[in-house]
Amino acid sequence: MEIWATRIKEDLSGLFRGKLDVSRVASIVYSQDGGVTREAPCGVALPEDAEDLVVLVQYCHEHSIPMTVRGAGTSLFGQSLGPGLIIDVSASMNRVLSMSERTVRVEPGITIDELNRRLRPYGREFGVYPLDSAVATVGGVVGVDGIGPHGLRHGAAHDHVASLQVMLARGTQFTAGLEPLAMPDRQAPENQPHQVKRTIICRLESILRNEAALIKASQPGVTLLRRGGYQLRGVLTEERLDLCRLLVGSEGTLGLYTGITLHTTPLPAHRGVLLLLCPTLDSAIEVVHQVRVMEPAACDLVDRRILTLARELDDRFLMIIPPTIEAAVLIEVTAETESECREQLTSLRRCTARIAEGHLTAYEANSPSDVEFLWSLSRKILPQLEKPRGGMRTVRIFDDLVVPPEALAEFLAKAHKAFQMADISAVMYSHAAMGVVHFRPLLTDRAAWPVAALEQLQYALYEAAWSLGGCIGSTQGLGSLRTSALREQYGSLCDIFKEVKNIFDPEGLLAPGHVVPAAARVGWGTAFPSASQQARAVEPIHFSGRELKSTFEQELPVQAPTGELVELCHSWPQGEAIEAVNACNGCGNCRREDRSHRMCPFFHVTHQEVSSPRAKAVVFRDTLSGRLAPETLTRPEMLPILNSCFNCQQCSLECPSHVDIPRMAIELKGQAAAQQGVSRVDWLLSRPDVWGPWGSWLAPVLNPLLNWSTFRRVLELLTGVARERRLPLFSRKSFLQQTAQQAVEVPQSASEPVAGQKKPLQPVVYFVDHFANYHDTELAMAFSRVLEHLGFELIVPKGQLASGMALISAGELPAARELALENLRVLAPHARDGLRIICTEPTAALCLKKEYPRLTQHPDAELVAQQTVEAGAFLAELAAQGRLPIPTEPLAMTPLRAVYHTPCHLKSLGERQPLLEICRLIPKLELHAVERGCSGMAGTFGLSSKNFQTSMKIGHELMETMRSRDWDFGVTECSGCRLQMTQRTATPTLHPIKLMAMAYGLMPELKARFKHQTRKYTLE
Ligand code: SF4
Ligand code: SF4
């Protein structure tokens, strides 16, 4: 560690309670936000609360260390990036501090969706919903004075902020609101917060009075949207100064928010949405003009490309949007009653009916689900355009251009011309009634970007907006990237901005270079060279005689690797690894915390950037590029990144760009394991084929011991397996041993014989995997009986091993490859014969289908993958062919209520809960699916003592849901989830195949043990 890093750590040790990380890894992780540039800070601090922040800020001030505050890191123009320290308030400073009938006081790091989730029970909301409200923080939105699609109804952030608790760069804190114009008290000490505030007000008053004419000319009118930079117009009245209004939108350059008091608004009783499909863009703009005067809650415009993708991705849009449509307008109205809502939608239809000579098509949504469906055009379909398609994808570099709404048509015409001249295509999305336009150009790989053309295009778009009285930086701020363009927009008002900055932050330590160009840094700040200082020289680009600051060339300098060049452990075909990292655009969607999404279980419990999938992509990219030396992967600071992935694969499923983060995490772990091996416990737990046979052999002695707490303590000391974990018992004979010695007996079924059972039996192969082989042999037995009952001959090939997913997840890739090749050797002959290979464990199916081909690159791997099918999917195929008889036997005399959890790996396989649907046919069984995230077990992850608590935290919501209702038992296909659910809920959790076997009358011995005791079912 560098000397300065050690010193910061030592100096703040015992004083700063939060997390302070000044490692190269932290610098890399925080060098990216949602935009296209990068800037590496010297470290990152995660303060616990405002008190903690004071300690940090005073220290940084004392040593001239620049500070940049960061929320979710989703900003597009470098607002979250900076030299010196990044202060991440999203991890801990995310509490609701107090709530009253009409206001709420929060810390800046809370997300907007989370705040609204807390307000909803009181019938209130914070009405600024940007499109990324699931991850965007309140501090971030107030910092740029954000506005969402509903700005027409709710206004911008400044309309909601009642007051701000602010901390200045020297650590002084005060509340900023609408302040009286009183002089400082000459008697009071100068550094007293009240006195500091009075001095600031006094100096501001003087500037604002002296420069009133310039301000009035540069910031005409007090409008719905501000014009970027500091809002100076309307801040000063005869008697008061609106300090809060000035600080909203100041992008963390004047002070840091430590508490934000917001006015809340009543939730709308009814919402209705009208989707108007227009034959031309001009007719869509005409619709916007007609609708605007009727004051709807929202009025957005989407272009043809978004509509085309919507048709491709969602059949419901395919049904309603004809391919000839060029644009659509999405209009929302709100009302107290449903009939009022419908009336408003009808008058909107009427008023737009004459446009485009009756060629408008309208779709109305009145129910909450239909309203959400229509809004998915912007919230779900638009982000999907960022996924590379045919080598092209949209890039968010021309967002947030604002023009007067009446000038929209003219602006779009000018912009169209500029795009044509640059020979670049783009997608356009607009909050049209407010004049906010986002262009997303379609570009190829980053390395092939036409940088000069993009620079010219950017300024052509700015010019077009300015020429029509528009602006930049109105709703998403300026950050470091657009600050240089501000002088073009404001001229000498920028000098006033500088004076204002000087009043609050004379040393220029807060977000240097944002809003106001940075002065040379002093003190320790100079020891922390920023990326822009180090950026490789770029030929200056000129436009209209002006030298332009390059927005697209700021990159971290490529640092020569200090170790061996990275040789990838996973098998990545040529260029695939680079393609994978380039697919991540830093949008931050993987920081979502709502449980309707599973990604990412680790981020859900830590709230820390290092645990996010995005962090893995950043680290992987820098490892590939050589910026991060391979040996860094074995350093302690890398552990929070490597240990926060258990390969659930939900991020690659739910990320809008479907970035293959799990594979990157495996590669990183593989690199680390190749250099220093894995821990004893990871080695042991990832090799069930080593301890499985021993466990079975010792089962008569071992099983009673596993229930004995003293033995579990000893086991923990020897192996690292958590003493608190209820371990599965071993079968005295593994299923493979049982099948080797005797044919699996199928008892006479209580059900009717299956039609066609007399025909020759159709052979299928069973890949048993570890858990059903050594622990739950009853499941393997149930499966074999069900299949034979259905007319199949079950082949259980000898010599098959565990799938090896535990090895892959631990990064032990050579061992995993060896095991995979052995399984391929056993399974490939059957696959060549055209036999299906069925897995009752979803993880095993995923491993055979997805992991083996890319891990081994063996020609048989693809063949085996093609023939492999998860058991539920196989039975669903039979059901579709009419070959699956309905299970007729109830599981008990009384009706039962059970809860079903979908395993993560089943989701990754793309299977839609087939066994849930089949088991719902069982008489007297009410089976409810719950979606409360991951169980937290993840194969063997939750077995070890180092992971036990994390595993419990991750599974907490699911377990609470299971416990909160009077469920008789749980159901899931995954063996790890079953262990966790059984341990935490005191009810048995069964594989659905067992339910089917019982309902077909094939497992009388299991049914006999499945008993009702006191309130719950038990499995003796
Ligand atoms: S992994 Fe996906 S969701 Fe996360 S930042 Fe990258 S693109 Fe966005
Ligand atoms: S695979 Fe799962 S645990 Fe790993 S980063 Fe993705 S969502 Fe998180």
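Predicted model only: the values in this text are computed from it and were never measured. (Residues numbered from 1 in each chain as written. Chains lettered and ligands numbered in written order. Predicted model: local features only at pLDDT ≥ 70, side-chain atom pairs only at ≥ 80, totals over all residues. Heavy atoms only, no water.)

Draft legend 1. Spotlight on the domain arrangement of the protein chain. Splitting the protein chain by domain gives domain 1 (1-88), domain 2 (96-266), domain 3 (268-371), domain 4 (576-677), domain 5 (686-740 + 760-881) and domain 6 (896-1016). Placing a centre on the C-alpha atoms of domain 1 and another on those of domain 5 gives a separation of 46 Å. (Domains from an automatic or database assignment.)

Draft legend 2. Summary view of the sheet that holds strand 1 (residues 19-21). Within the open sheet, the 4 strands sit side by side as 1-2-4-3. Their pairing is mixed. In this open sheet, the two edge strands, each paired with only one partner strand, are strand 1 and strand 3 (67-70). The sheet shows a mean angle of 20° between the axes of neighbouring strands, taken without regard to direction. Of the strands in this sheet, strand 2 (43-46), strand 3 and strand 4 (85-88) are in contact with helix 3 (residues 50-62), which crosses strand 4 at around 165°. (Pairing = 2+ DSSP bridges. Helix = DSSP H or I, 4+ residues; strand = E, 2+ residues; numbered from the N terminus. Axes fitted to C-alpha atoms, helices over the stretch in contact; angles between N-to-C directions. Contact = heavy atoms within 4.5 Å.)

Draft legend 3. Seen up close, the site of ligand 1. Cys584, Asn585, Gly586, Cys587, Gly588, Asn589, Cys590, Arg614, Cys655, Pro656, Val659 and Ile661 make up every residue found near ligand 1. Partitioned by chemical class, the residues of the shell around ligand 1 number 7 nonpolar, 4 polar and 1 charged. (Near = heavy atom within 4 Å. Nonpolar A, V, L, I, M, F, W, Y, C, P; charged D, E, K, R; others polar.)

Draft legend 4. Representation of the packing of helix 34 (residues 813-832) against helix 35 (residues 842-856) in the model. Helix 35 packs onto helix 34 with a crossing angle of 115° between their chain directions and a minimal axis gap of 10 Å. The orientation of helix 34 with respect to helix 35, classified from their angle, is roughly perpendicular. Crossing angle aside, the handedness with which helix 34 passes helix 35 is left-handed. Contacts between helix 34 and helix 35 involve Leu813, Ala816, Arg817, Leu819, Ala820, Leu821, Asn823, Leu824 and Leu827 on the former and, on the latter, Leu848, Tyr852, Leu855 and Thr856. When grouped by side-chain class, the residues that make up the contact of helix 34 with helix 35 number 10 nonpolar, 2 polar and 1 charged. (Parallel < 35°, antiparallel > 145°, perpendicular 65-115°, else oblique. Left-handed = near helix turned anticlockwise from the far one by under 90°.)

Draft legend 5. Just the pairing of strand 2, in detail. Side chains Gly43 and Ala45 project from strand 2 onto one buried face, and the interleaved Val44 and Leu46 project onto a second face that is buried too. In this sheet, strand 2 lies alongside strand 1 in antiparallel orientation, the contact comprising 3 bridges. When the sheet's bridge partners are listed, Leu20 is paired in strand 2 with Ala45. Relative to strand 4, strand 2 runs parallel, the two being bridged by 3 bridges. Among the inter-strand pairings, Gly43 is bridged to a residue of strand 4, identified as Leu85. (Buried < 20%, exposed > 50% of the residue type's maximum accessible area, 1.4 Å probe, protein only.)

Draft legend 6. Representation of the side chain of Ser644 in the model. Following the sequence through the fold, Ser644 ends up in the loop between helix 23 (639-642) and helix 24 (650-654). Those residues in contact with Ser644, other than ones at most four positions away along the chain, are Phe602, Val610, Ser611, Lys616 and Leu639.

Draft legend 7. Expanded view of the nonpolar core. Of all hydrophobic cores here, the largest spans 107 residues; its most connected members are Leu164, Leu232, Leu243, Val329, Phe411, Phe439 and Phe504. No other element matches helix 16 (residues 451-467), which puts 9 residues into this core. Here this core spans two domains, since at least three of its residues come from each of domain 2 (96-266) and domain 3 (268-371). (Core = buried A, V, L, I, M, F, W, Y, C linked by side-chain atoms within 4.5 Å.)

Draft legend 8. Representation of unusual backbone geometry in the model. In the segment running from Met599 into Cys600, the intervening peptide bond is cis, with an omega of -15°. By secondary structure assignment, the location of Cys600 is in the loop between helix 20 (576-583) and helix 21 (601-606). Its identity is not glycine, yet Ala511 carries a phi of approximately 40°, on the positive side. Here Ala511 is to be found in the loop between helix 18 (493-504) and helix 19 (531-534). Overall, Ala511 belongs to the buried group, its relative accessible area being 2%.

Draft legend 9. Region of the structure containing the packing of aromatic side chains. Following the criterion strictly, the structure yields 18 aromatic pairs and no others. Ring geometry for Tyr230 versus Phe497: centroids 5.4 Å apart, planes at 70°, classification edge-to-face. With Tyr230 in the loop between helix 8 (212-218) and strand 11 (240-242) and Phe497 in helix 18, the pair connects residues that are 267 residues apart, well separated along the chain. With relative accessibility at 0%, the residue Phe497 sits in the buried group. Three or more aromatic residues joined by ring pairs form one cluster here, namely Phe398, Phe411, Phe419 and Phe439. (Phe/Tyr/Trp six-rings, centres within 6.5 Å; stacked < 30°, edge-to-face > 60°.)

Draft legend 10. Region of the structure containing the sheet that holds strand 27 (residues 837-839). Strand order in this open sheet of 4 strands is 26-25-27-28, and the pairing throughout is parallel. The two strands at the open ends of the sheet, each matched to only one other strand, are strand 26 (792-795) and strand 28 (868-870). Each strand axis lies, on average, 35° off the axis of its neighbour in the sheet, ignoring direction. In the packing of helix 36 (residues 859-867) onto the sheet, contacts are made with strand 27 and strand 28, and the angle to strand 28 comes to roughly 35°.

Draft legend 11. Focus on the pattern of salt bridges. Evaluated as defined, the whole model comprises 51 salt bridges. The residue Glu609 makes a salt bridge to Arg614 at a minimum N-O spacing of 2.8 Å. Across the pair, Arg614 and Glu609 agree in class, each one buried. A salt bridge links Asp682 to Lys946; the nearest nitrogen and oxygen atoms lie 3.1 Å apart. Here the residue Asp682 occupies a position in helix 26 (residues 680-685), and Lys946 occupies one in helix 40 (residues 945-964), the gap between them amounting to 264 residues. Overall, the relative accessible area of 25% leaves Asp682 in the partly exposed class. Three or more residues joined by partner-sharing salt bridges are found here, namely Asp776, Glu778, Arg978, Lys994 and Arg1009. (Salt bridge = Lys/Arg side-chain N within 4 Å of Asp/Glu carboxyl O.)

Draft legend 12. Highlighting the site of ligand 2. For ligand 2, the full set of nearby residues is Cys600, Pro601, Phe602, Pro613, Cys645, Phe646, Asn647, Cys648, Gln649, Cys651 and Pro662. Per-class residue counts for the shell around ligand 2 are 9 nonpolar, 2 polar and no charged.

Draft legend 13. Representation of the environment of Ser951. Mapping Ser951 onto the fold places it in helix 40. Classification of Ser951 by relative accessible area gives buried; the value is 0%. In this structure the C-alpha to C-alpha distance between Ser951 and Met183, which are 768 residues apart in sequence, comes to 58 Å. Look past the residues within four positions of Ser951 in its chain and what remains in contact with it is Arg725, Ser935, Gly936, Met937, Phe941, Gly942 and Gln980.

Draft legend 14. A nonpolar patch on the surface, seen in detail. Judged by side-chain polarity, Trp694, Trp697 and Leu698 come together as a nonpolar surface patch covering roughly 400 Å² of accessible area. With respect to the helices and strands, Leu698 occurs in the loop between helix 27 (688-697) and helix 28 (699-706). Under the relative-accessibility criterion, Leu698 is labelled partly exposed at 36%. (Patch = residues over 30% accessible without salt bridge, like charges linked within 9 Å, V, L, I, M, F, W, Y side chains within 5 Å. Areas by Shrake-Rupley, 256 points an atom, 1.4 Å probe, with all protein chains shown as cover.)

Draft legend 15. Structural detail: the side chain of Asp88. Structurally, Asp88 is set in strand 4. The buried charged residue Asp88 lacks any salt bridge, with Arg591 as its nearest oppositely charged partner at 4.8 Å. Here the side chain of Asp88 touches Tyr30 through a polar contact of 2.6 Å, side chain to side chain. If sequence neighbours within four positions are ignored, Asp88 has contacts with Tyr30, Val44, Ala45, Leu46, Pro47, Arg70, Gly71 and Glu609. (Lys, Arg positive; Asp, Glu negative; His and termini not counted. Polar contact = N/O pair within 3.5 Å; in protein donor to acceptor, adjacent residues only side chain to side chain.)

Draft legend 16. Up close: the environment of Gln219. With respect to the helices and strands, Gln219 occurs in the loop between helix 8 and strand 11. Put simply, Gln219 and Leu916 are 697 residues apart on the chain and 61 Å apart in space, counted from C-alpha to C-alpha. A polar atom in the side chain of Gln219 sits 2.9 Å from the backbone oxygen of Tyr230. Of the polar contacts made by the side chain of Gln219, one reaches the backbone nitrogen of Leu232; its length is 2.9 Å.

Draft legend 17. Examining helix 16 more closely. Over its 17 residues, helix 16 runs 24 Å from end to end, which matches the ideal 24 Å to within 8%, given 1.5 Å per residue. All of the buried residues in helix 16 are Val451, Leu454, Glu455, Leu457, Gln458, Tyr459, Leu461, Tyr462, Ala464, Ala465 and Trp466. (Expected span 1.5 Å × (residues − 1).)

Draft legend 18. Region of the structure containing the packing of helix 28 against helix 29 (residues 709-719). For the pair helix 28 and helix 29, interaxial distance at closest approach is 7 Å and the crossing angle is 100°. With respect to helix 29, the element helix 28 is oriented roughly perpendicular. For the pair helix 28 and helix 29, the contacting residues are Leu702, Leu705 and Leu706 in the first and Phe711, Arg712 and Leu715 in the second. Classifying every residue of the contact of helix 28 with helix 29 gives 5 nonpolar, no polar and 1 charged.

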